[in-house]
Amino acid sequence: MPPPVKLAIIGGGPSAFYVASRLLSLLPLKEPTSPPLRVHIYDRLWAPHGLVRYGVAPDHPEVKNCTNKFDATATDPRFRFFGNVNVGSTPLQSIPHALHLPLTSILNNYSHLLFATGCTLPTLHPAISLSAYCISALSLVHWYTQHPSRPPPPALDKISHLTLIGQGNVSLDIARILLTSPSVLRKYDVPEHVLEVLSRSTVKHVSIVGRRGPLEAAFTTKELREMINLPEASMTPIDPTLLTPPPGITPTRQQRRTLELLQKGSKNPPGSTPKSWSLHFYRSPSSLAPPSTASESDMANLTLAHTRLDPVTSRAVATGETSTLPTSLVVPSLGFYADPETAFFDPAQRHLRSSAGHITSSEGLALKNIYASGWAANGAKGVLASTMIDAYAVAGTILSDIAPSSEAAETTSATSMPAMGMAPDEMLNPRPDLDSLPSEIVRGIKDGMVTQYDDWKVIDAEEVRRGEVLGKERERMGWEDALSFLTLSARS
């Protein structure tokens with residue numbers, strides 16, 4: 001029988017849960033050949049599921065169905081979740097109530113370690129600094145999902161025109177939320193305080209700017225179709241010449257669908273609705289000038305460089321022309337990158353150093369029993385389905401290290417795994433006590449500062465109950481409310 005395995009997973013999003021689920025299912029509890037196993041997830045957020053809870057748009061509840069699988073994973077007695085715990089070298093400034101746990105405490109208590117820490121910081125545009133007239137898309141998403149970092153609400157009652165930089169799904173999510181009536185959003189998982197701000201919104205138009213053309217736009221046809229069918233908004237027509245593929249280019253099936261939708265236009269005719277939106281192709285911000293007066297109705301001026309595609313590299317290059325777009329607020333939505341404070345961060349790749357699931361040293365050698373999955377390993381790309389596929393491959397890599405001769409390892413290990421050297425040093429504990437926890441976690445649980453999965457299920461049920469009273473999917477709790485409710489529940 002292989003030696004006991006005690007795996008710590010840092011990060012509690014989909015990738016973490018998919019890896020945990022896969023390992024626990026491939027190493028059944030009652031199978032005699034399975035090694036003694038423990039899988040412990042640590043998350044800086046007090047609630048589990050990462051981007052599923054704090055990133056998926058509230059009007060896309062079907063995307064969150066994967067949490068049913070995660071709930072099933074959590075019923076395995078070998079699994080534990082510890083929330084409100086920040087593992088790292090320094091305390092977390094953005095979530096001050098999170099318990100600080102040094103990485104050395106993990107290394108001393110576990111035989112295996114997986115980083116599933118994601119990409120938690122927004123990529124900003126180099127030409128535009130954050131200001132009263134520019135906030136990140138992540139700040140908006142964290143606001144309407146009630147993220148524990150608690151960004152301030154946007155001043156939507158003082159805004160008539162909002163400009164999104166970037167044409168990915170996150171941009172369309174934000175545009176859709178702003179252009180949809182709060183009466184429609186009310187049935188979804190949108191907190192009451194968010195609905196109150198949205199009800200006072202004076203946003204009339206949303207511009208969505210991209211440096212390349214419609215064939216290169218990152219949004220999916222599903223998201224575009226939702227925008228086109230918005231009941232209270234219409235799309236500004238696009239110049240037909242932009243919707244004709246260049247000579248010699250054969251669009252893919254998805255690109256053809258995108259062009260067809262854009263050519264058809266929105267369900268509502270232009271000018272027939274109180275709100276509107278527009279797509280601006282071949283434009284890249286070069287500067288943002290604040291309003292010339294202090295009047296709330298006066299707008300900032302966003303200067304856009306006109307671009308074209310380089311036929312060799314397909315990169316956007318400036319043509320030398322510019323135009324100005326008056327706007328109340330600019331929101332860059334250009335992707336995300338990993339926190340540089342995370343161990344093994346690679347500045348060049350902007351995510352962790354890894355290869356085929358293994359964390360690597362600066363010399364390119366695999367670090368024994370240390371792994372990475374999801375966005376932490378690959379950068380911020382892909383959807384939940386691709387996250388699951390990657391997580392299963394990494395689980396296979398871990399399994400092949402745990403029990404290389406097992407049938408499960410032979411059938412699930414990552415394909416195209418390169419031949420890699422192994423770093424000589426062993427950073428983890430090869431013989432940990434399976435059921436012991438870092439002393440900081442023991443104290444945190446006792447003090448009520450560390451949440452476990454049973455705590456989450458109590459909060460989950462109460463959020464759903466509160467939502468039912470209000471006629472909606474759920475009404476979310478913040479940290480203080482959840483902590484207070486858990487304390488009262490423990491007394492009753």
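These numbers were taken from a predicted model, which means no experiment stands behind them. (Residues numbered from 1 in each chain as written. Predicted model: local features only at pLDDT ≥ 70, side-chain atom pairs only at ≥ 80, totals over all residues. Heavy atoms only, no water.)

Peer 1: When you look at unusual backbone geometry in this model, what are you seeing that I'm missing?
Peer 2: Both trends apply: most residues other than glycine have a negative phi, and most peptide bonds are in trans. The phi dihedral of glutamine 146 falls on the positive side, at around 55°, and the residue is not glycine. Of note, the phi angle at tyrosine 282 is positive, near 55°, even though the residue is not glycine. Structurally, tyrosine 282 is set in the loop between strand S11 (275-280) and strand S12 (283-289). (Helix = DSSP H or I, 4+ residues; strand = E, 2+ residues; numbered from the N terminus.)

Peer 1: Would you mind showing me how to read the packing of aromatic side chains here?
Peer 2: The geometry of an aromatic ring pair comes down to the distance between the two centres and the angle between the two planes. Tallied over the full model, the rule gives 12 aromatic pairs. Plain terms: the ring middles of phenylalanine 17 and phenylalanine 79 are 5.7 Å apart, the flat faces sit at 45° to each other, and that makes the pair tilted. Of the two residues, phenylalanine 17 sits in helix H1 (residues 14-26) while phenylalanine 79 sits in strand S3 (residues 79-82), which places them 62 residues apart along the sequence. With respect to class, phenylalanine 17 is no different from phenylalanine 79; both count as buried. Each ring, one from tyrosine 18 and one from tyrosine 392, has its centre 6.1 Å from the other, and the planes form 85°; the classification is edge-to-face. Taken together, the positions of tyrosine 18 in helix H1 and tyrosine 392 in helix H12 (residues 384-402) put the pair 374 residues apart, joining distant regions of the chain. For tyrosine 18, a relative accessible area of 6% gives the class buried. By relative accessible area, which is 19% here, tyrosine 392 ends up buried. Each member of the aromatic cluster is reached from another via a ring pair, and the members are Phe17, Tyr18, Phe70, Phe79, Phe81, Tyr392 and Tyr453. (Phe/Tyr/Trp six-rings, centres within 6.5 Å; stacked < 30°, edge-to-face > 60°. Buried < 20%, exposed > 50% of the residue type's maximum accessible area, 1.4 Å probe, protein only.)

Peer 1: Honestly, the pairing of strand S9 (residues 205-209) in this entry has me stumped. Any pointers?
Peer 2: Regular strands show a simple pattern: their side chains alternate between the two faces of the sheet. Counted residue by residue, S9 has 5 buried out of 5 residues, so it is predominantly covered. Here strand S8 (residues 161-165) runs beside S9; their pairing, made up of 5 bridges, is parallel. When the sheet's bridge partners are listed, leucine 162 is paired in S9 with valine 206. In terms of strand pairing, S9 meets S11 through 5 bridges, oriented parallel. Each residue of the ladder has a partner; that of serine 207, found in S11, is serine 278. (Pairing = 2+ DSSP bridges.)

Peer 1: Sorry, what's going on with the side chain of histidine 147 here?
Peer 2: Position of histidine 147 among the secondary structure elements: in the loop between helix H5 (137-144) and S8. With a relative accessible area of 4%, histidine 147 lands in the buried category. Only 2.8 Å separates the side chain of histidine 147 from the side chain of serine 149, close enough to count as a polar contact. (Polar contact = N/O pair within 3.5 Å; in protein donor to acceptor, adjacent residues only side chain to side chain.)

Peer 1: So what exactly am I meant to see when it comes to the sheet that holds strand S10 (residues 233-235) here?
Peer 2: Two orientations exist for strands paired in a sheet by backbone hydrogen bonds: parallel and antiparallel. Reading across from one edge, S10-S11-S9-S8-S15 is the order of the 5 strands in this open sheet, with parallel pairing throughout. Two strands close off the open sheet at either side, each with one partner strand: S10 and strand S15 (329-332). Taken over all neighbouring pairs, the strand axes of this sheet differ in orientation by 20° on average, direction set aside. (Axes fitted to C-alpha atoms, helices over the stretch in contact; angles between N-to-C directions.)

Peer 1: Whenever I open this one, the nonpolar core confuses me. Can you help?
Peer 2: Soluble globular proteins tend to bury their nonpolar side chains together. Residues Ile9, Val39, Ile41, Trp46, Phe79, Tyr453 and Ile459 are the most contacted members of the largest nonpolar core, which totals 46 residues. Setting aside residues up to four positions removed in sequence, isoleucine 41 forms contacts with Ile9, Gly11, Gly12, Ala16, Phe17, Ala20, Phe79, Arg80, Phe81 and Phe82. The next biggest cluster of nonpolar side chains, apart from the first, holds 45 residues, and it includes Ile177, Leu215, Met227 and Leu329. (Core = buried A, V, L, I, M, F, W, Y, C linked by side-chain atoms within 4.5 Å. Contact = heavy atoms within 4.5 Å.)

Peer 1: Explain the pattern of salt bridges here, please?
Peer 2: Applying the stated criterion across every chain, the model contains 26 salt bridges. Across the pair glutamate 192 and lysine 472 runs a salt bridge, and its minimum N-O distance is 2.8 Å. Separated by 280 residues along the polypeptide, glutamate 192 in helix H8 (residues 192-199) and lysine 472 in the loop between helix H15 (453-470) and helix H16 (479-491) bring together distant segments of the chain. Of the charged contacts in the structure, one is a salt bridge between lysine 457 and aspartate 460, with a shortest N-O distance of 3.1 Å. Residue lysine 457 and its partner aspartate 460 are both found in helix H15; the two are separated by 3 residues, about one turn of the helix. What makes lysine 457 partly exposed here is its relative accessible area of 31%. (Salt bridge = Lys/Arg side-chain N within 4 Å of Asp/Glu carboxyl O.)

Peer 1: For this particular structure, what's the right way to read the environment of leucine 178?
Peer 2: Relative to the elements of secondary structure, leucine 178 occurs in helix H6 (residues 169-179). Setting aside anything within four residues of it in sequence, one finds leucine 178 in contact with Leu156, Leu162, Leu198 and Lys275.

Peer 1: Explain the state of the cysteines to me, please; I cannot follow it from the model alone.
Peer 2: By definition, a disulfide links the sulfur atoms of two cysteine residues through a covalent bond. Tallied over the entire structure, the rule returns 0 disulfides. As a non-bridged cysteine, cysteine 66 has cysteine 119 as the owner of its nearest cysteine sulfur, 18 Å distant. (Disulfide = S-S within 2.5 Å.)

Peer 1: Looking at this structure, how should I read the sheet that holds S3?
Peer 2: An order of S3-S2-S1-S6-S21-S20-S19 is seen for the 7 strands of this open sheet, with the pairing classed as mixed. The open sheet terminates on both sides in strands that have one partner only, identified here as S3 and strand S19 (354-355). Bridge count between strand S1 (residues 5-10) and strand S6 (residues 112-115): 4 bridges; the pairing is parallel. Counterpart to alanine 8 in the pairing with S6 is leucine 113. Here H1 sits on the sheet and contacts S1, strand S2 (37-42), S3 and S6; the angle it forms with S2, its principal contact strand, is near 170°.

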